[in-house]
Amino acid sequence: MENFFSFVSQLNSFAWGFPVLLVVPIYIYFTFKTEFIQKKIFKGLKLSLTKHEQYGQGVLSPFRVFCTELAVTFGIGNVIGIATSVIVGGVGAVFWVFIISLFGVAIKYCEAYIASRFRQKMLGGEIVGGVMIVYDKILKQEKLAILFATLCLISSTIRLFSLQVHFICDFCNKTFNTSILSTGIVVVSIISFFIFLGIDAIVEFSVRICIPTAVIYFVLCFTVIATNLEYLLPALFNILHAAFSFESLSGGLVGSSILAAFKEGGRIGLYSTESGMGELSVINAYAQTRNPFRQALISSTVAFLDGVVCCPLTGLTVVIAFLKVPSLKNISNISGAYVIESIFSNFPMGDVFLTIIILVIAFSMALTSYTVSRNFFIYLFKTSSIIKFKVIYLIVGSFIGLKLAKYELWNFLYFIDIFKILLTFWAIFVLKDLIIKETKDYSVGKKIDIIKDTEILYKEKNIEDKKLKIFL
């Protein structure tokens, strides 16, 4: 086992070094192929907040899908993770997070388009969708479909549920001196309550709690900037200068060159938007819509808010903090958590608000992760009876979070992500002509409210033509 983890660690060190930046030209390629789908982000935001007729196969309205996807995407990485990136990659990382996340929106659009267009109704009426349906029904590669769904089931259970439970327990232990086991029991009990109530209860939590929490966090960040306007222009200058400079502007921060900034910005840009992972986009399969263009635009809005707005906003506040308190960068072994805490503790009850925000977003991700995992489970086991899955999911996920959350586990997840990314990019590449053609038809032809037939005839070179019952 030690040899396996050693191999995984070495592979991750290579793959998640500069080779990960190979996703950037792919992001740019699909940005041009979709004719800059990012320019329709505000249209997507309007659609996500607009109530319209609920039609088509699905269990959730597009707005509720938007809230759920935002809840499972907006996580600790958007707060503490960005501060850590500035420490590791220098202040220039903030610029590259913004740029790479912006281009990544195009891939997120393609993922969501696939998830909402290629959906299959399983026995019992459950609807699943995503990359595995493409491999199974379109490419006739069932083994690859099973591999992808299995990797995503493992990843979503451990990363989104187990490690979030572990973070909450560890955070409460350090902040409130509570027992890790006691906190874990309470957190898992609350999550279990919502899961057994059903998806509607989970989504309702996302709508009523998660979205307001995200808004409060944005307000806090803007407050930091507004009360330190004299540092705003210098902060922006430092970010731009460091993004293209081979010299350190950070006076002590580790790896402040353009290469380190670009590498760290690429990593955070990939993980913040989840563009190319193919995992979280399956939530769009739940949407009550027969218009994949509309739903994909809504999903793209989530990636935009998360990677293009929230992450750079956090990064800007961190850079302002370093300029305002230069002694911060001289602290040895400084952590992202310490930097974030020092920023908000200067405001009345700022530390209280920050604590609540961190706990809510970690809990929200742990809770809404179930909506992702169940999609892959239903596909793999072809069943709508998921009571046993709920029990196993909670027990196994809780045990991993409380007992096995170690560094090796993160390495294992990064190892899994390599294959998820490769499979997702290949599926998108194979379907690129279809996605691009239909995107133009919807966009240019202004068919955003068109309802299509439930049976389609899929035609693509080297793929056998066959009528598939795919719900749009």
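One can find the structure itself at the top, above this paragraph.
This write-up is about the structure you can find in this document. (Residues numbered from 1 in each chain as written. Predicted model: local features only at pLDDT ≥ 70, side-chain atom pairs only at ≥ 80, totals over all residues. Heavy atoms only, no water.)

1. Points about the packing of helix α10 (residues 199-226) against helix α15 (residues 350-381)
Item 1. Direction vectors running N to C along α10 and α15 enclose 145°, while the axes themselves pass 9 Å from each other. Once α10 is placed against α15, the crossing between them reads as left-handed. Listed contacts from α15 to I199, I202, F205, S206, I209, C210, T213, I216, Y217 and L220 of α10 are F353, I357, V360, I361, F363, S364, L367, T368, Y370, T371 and R374.
Item 2. When grouped by side-chain class, the residues that make up the contact of α10 with α15 number 15 nonpolar, 5 polar and 1 charged. (Axes fitted to C-alpha atoms, helices over the stretch in contact; angles between N-to-C directions. Helix = DSSP H or I, 4+ residues; strand = E, 2+ residues; numbered from the N terminus. Left-handed = near helix turned anticlockwise from the far one by under 90°. Contact = heavy atoms within 4.5 Å. Nonpolar A, V, L, I, M, F, W, Y, C, P; charged D, E, K, R; others polar.)

2. Focus: the environment of F347
Item 1. Inspection of the secondary structure assignment puts F347 in the loop between α14 (336-344) and α15.
Item 2. Expressed as a C-alpha distance, the spacing of F347 and L220, which sit 127 residues apart in the sequence, is 9.3 Å.
Item 3. Leaving out residues up to four positions away in the same chain, F347 has contacts with T223, V224 and T227.

3. Concerning the pattern of salt bridges
Item 1. The final tally for this structure, using the stated rule, is 10 salt bridges.
Item 2. Through salt bridges that share partners, R159, E279, D417 and K420 make up one connected network. (Salt bridge = Lys/Arg side-chain N within 4 Å of Asp/Glu carboxyl O.)

4. Notes on the nonpolar core
Item 1. Counting residues in each nonpolar core, the largest one holds 135 residues, and the members touching the most others are Y109, I191, Y217, F344 and F376.
Item 2. Take this core: its biggest share by element is 15 residues, from α15.
Item 3. What F344 contacts, discounting residues up to four positions off in sequence, is Y217, L220, C221, V224, G350, D351 and L354. (Core = buried A, V, L, I, M, F, W, Y, C linked by side-chain atoms within 4.5 Å. Buried < 20%, exposed > 50% of the residue type's maximum accessible area, 1.4 Å probe, protein only.)

5. Observations concerning helix α12 (residues 258-273)
Item 1. Taking 1.5 Å of rise per residue, 16 residues should cover 22 Å, and α12 covers 22 Å from first to last C-alpha, within 8% of that figure.
Item 2. Within α12, burial applies to I258, A261, E264, G265, G266, I268, G269, L270, Y271, S272 and T273.
Item 3. Looking one or two places after α12, you find E274, whose phi comes out positive at around 60°. (Expected span 1.5 Å × (residues − 1).)

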